[in-house]
Amino acid sequence: MKQFFDDNGVLVLEDFVSKVACEKLMAQAGAIVDAFDPDEFRAVFSTTNKSHEGNEYFEKSGDKIRCFFEEGAFDADGSLKQDKALSINKIGHAQHDLDPVFSDFSRNPDLAQVAKDLGMAQPLLSQSMYIFKQPRIGGEVICHQDSTFLYTEPHSCIGMWFAMEDATLENGCMWGLPGHHKSPLKKRHYRNAEGKLVTEKLNDTAWPEEDRVPLEVKQGSLIVLHGQLPHLSGANTSDKSRQAYTLHLIDGACDYPDTNWLSRSPNMPFRGFEIDG
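Residues numbered from 1 in each chain as written. Predicted model: local features only at pLDDT ≥ 70, side-chain atom pairs only at ≥ 80, totals over all residues. Heavy atoms only, no water.

> In this structure, what is going on with the overall build of the protein? I would like to understand it.
Of regular secondary structure, the protein possesses six helices and 13 strands. Here the protein has a C-alpha radius of gyration of 18 Å; the compact-globule value for 277 residues is 19 Å, and the two agree. If you line up the protein on its principal axes, its C-alpha atoms span 50 × 45 × 45 Å. Scored against the burial criterion, the 277 residues of the protein give a buried share of 53%. Expressed as a percentage of contacts within the protein between residues at least 6 apart in sequence, the contacts between residues at least 24 apart total 83%. Here the protein has roughly 12,600 Å² of accessible surface; of this, 51% comes from carbon and sulfur atoms. Taking the average place of the 28 positive charges on the side chains of the protein and the average place of its 42 negative ones, the gap between the two points comes to 1 Å. (Helix = DSSP H or I, 4+ residues; strand = E, 2+ residues; numbered from the N terminus. Rg over C-alpha atoms; globule rule 2.2 N^0.38 Å. Buried < 20%, exposed > 50% of the residue type's maximum accessible area, 1.4 Å probe, protein only. Contact = heavy atoms within 4.5 Å. Areas by Shrake-Rupley, 256 points an atom, 1.4 Å probe, with all protein chains shown as cover. Lys, Arg positive; Asp, Glu negative; His and termini not counted. Charge placed at Lys NZ, Arg CZ, Asp CG, Glu CD.)

> When you look at the pairing of strand β9 (residues 197-201) in this model, what are you seeing that I'm missing?
If a strand is regular, its side chains alternate between the two faces of the sheet. Sheet topology note: the strand β8 (residues 187-191)/β9 ladder contains five bridges and is antiparallel. In the strand pairing of β9, Lys-187 is matched with Lys-201. (Pairing = 2+ DSSP bridges.)

> Would you explain the sheet that holds strand β7 (residues 174-176) in this entry?
Hydrogen bonds between backbone atoms are what pair the strands of a sheet, whose relative direction is either parallel or antiparallel. Pairing is antiparallel in the open sheet, where four strands are placed in the order β5-β12-β7-β10. At either end of the open sheet lies a strand with only one pairing partner, and these are β5 (141-144) and β10 (213-215). Taking each pair of neighbouring strands and ignoring which way they run, the sheet shows an average axis angle of 25°. Where β5 and strand β12 (residues 231-233) come together, two bridges link them in antiparallel fashion. Along β12, the bridge assignment pairs His-144 with His-231. (Axes fitted to C-alpha atoms, helices over the stretch in contact; angles between N-to-C directions.)

> Even after reading the chapter, I still don't get the nonpolar core, so can you show me in this structure?
Across soluble globular proteins, nonpolar side chains have a tendency to be buried as a group. Counting 49 residues, the largest nonpolar core has Tyr-130, Met-160, Phe-162, Val-224 and Tyr-245 as its most contacted members. Among the elements that make up this core, the one with the highest residue count is helix α2 (residues 19-35) (five residues). Setting aside its immediate chain neighbours within four residues, Val-224 contacts Phe-5, Gly-9, Val-10, Leu-11, Leu-13, Val-114, Leu-118, Ile-158, Gly-159 and Met-160. The next biggest cluster of nonpolar side chains, apart from the first, holds 12 residues, and it includes Ala-163, Met-174, Leu-215 and Ile-223. (Core = buried A, V, L, I, M, F, W, Y, C linked by side-chain atoms within 4.5 Å.)

> Quick question: what am I supposed to make of unusual backbone geometry here?
The bulk of non-glycine residues show a negative phi, and the bulk of peptide bonds are trans. Here the residue pair Gly-92 and His-93 is connected by a cis peptide bond, since its omega of 5° sits within 30 degrees of zero. In this structure, the amide linkage connecting Glu-153 to the following residue, Pro-154, adopts the cis form with an omega of -5°. A positive phi angle, close to 45°, is found at Lys-133, a residue other than glycine. Turning to its location among the elements, Lys-133 is positioned in the loop between β4 (123-131) and β5. Note on Lys-133: relative accessible area 2%, which makes it buried. Although it is not a glycine, Arg-136 sits at a positive phi angle of roughly 75°. Among the structural elements, Arg-136 can be located in the loop between β4 and β5.

> Sorry if this is basic, but what is going on with the pattern of salt bridges here?
Close approach of charged atoms allows side chains with opposite charge to pair. Evaluation of the coordinates by the stated rule reveals nine salt bridges. In this structure, the salt-bridge partner of Asp-6 is Lys-2, at a minimum N-O distance of 2.9 Å. Of this pair, Asp-6 and Lys-2 both sit in helix α1 (residues 2-8), separated by four residues, roughly a single helical turn. Between Lys-19 and Glu-23 there is a salt bridge, and its shortest N-O distance comes to 3.2 Å. One end of the pair, Lys-19, and the other, Glu-23, are both in helix α2, four residues apart, so they sit about a helical turn from each other. Residue class for Glu-23 comes out partly exposed when judged on its relative accessible area of 40%. (Salt bridge = Lys/Arg side-chain N within 4 Å of Asp/Glu carboxyl O.)

> Sorry, what's going on with the side chain of Ser-221 here?
Considering the arrangement of structural elements, one finds Ser-221 in the loop between β10 and β11 (222-226). In this structure Ser-221 comes out as buried when scored by relative accessible area, which is 2%. In terms of polar contacts, Ser-221 uses its side chain to reach the backbone carbonyl oxygen of Lys-218, at 2.9 Å. For Ser-221, the contacting residues outside a window of four places in its chain are Leu-13, Glu-14, Asp-15, Phe-16, Trp-161, Phe-162 and Ala-163. (Polar contact = N/O pair within 3.5 Å; in protein donor to acceptor, adjacent residues only side chain to side chain.)

> Help me understand the layout of surface pockets, please; the structure alone is not making it clear to me.
Summary: where empty space remains is shown by rolling a probe the size of a single water molecule over the atoms. Quantified by volume, the second largest pocket comes out at close to 180 Å³. Among the residues forming the lining of the second largest pocket, the class breakdown is five nonpolar, seven polar and two charged. (1 Å grid on protein atoms, 1.4 Å probe; cavity = no way out; pocket = protein on both sides within 12 Å on 5 of 7 lines; lining within 4 Å. Points joined across faces, edges and corners; volume = space filled by probe spheres on them. Nonpolar A, V, L, I, M, F, W, Y, C, P; charged D, E, K, R; others polar.)

Set out below in structure tokens:
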């Protein structure tokens, strides 16, 4: 497993979590959305037009549980086109610490073992996202490397992507570029001296589209992603959602600069897999 991951930068572990565990997490995500007031802040998350950047609701969500809408959720008058539950893009970014159901799912001993087997000395759970990929309006996620956003010195970010539902070509499954995690980081997203989020281009070369491989997986599968692996997903134009849960780990043995976009208050540091913190 370790050798395959080192060579390819991606690992698919089928049947990693049970159908019951998936359904429990899906129900809890639904409960969070049910309790969310859409008038609290109508933040839209989009990787194509970066509409979430510059708003405080998103930028200060590193130690909170917040809901973000799909780009296509609103009409020209600013009203929701459909039910709130079918309009949310994702929940982020600290439910793995603040919600007991998400914490139990995230602190699975089997997952801790995977992190250890892949060589993480002090795995810390830094960020979580519950992604809905809504039917017909689920947005595209452009090709990116996770270490662009969760940068450590040296690089240590690993993404754990769980399929809550079957992920297919039709509903916007993930695509990866195996082996290209050995390429340098192309961008760095961070807070500048004024505290504004900026993205610095480190390399302008395009990722080779011919090397993209679809990662179609069944419910309960885990896709492990090297922080430098380029990956993406298309828009969901089907009538079926493609719900997924993503947990990002960093190694506490590495330096996590204060300039990273995702920051937390001093009384809520990143934690490891221990249930009691």
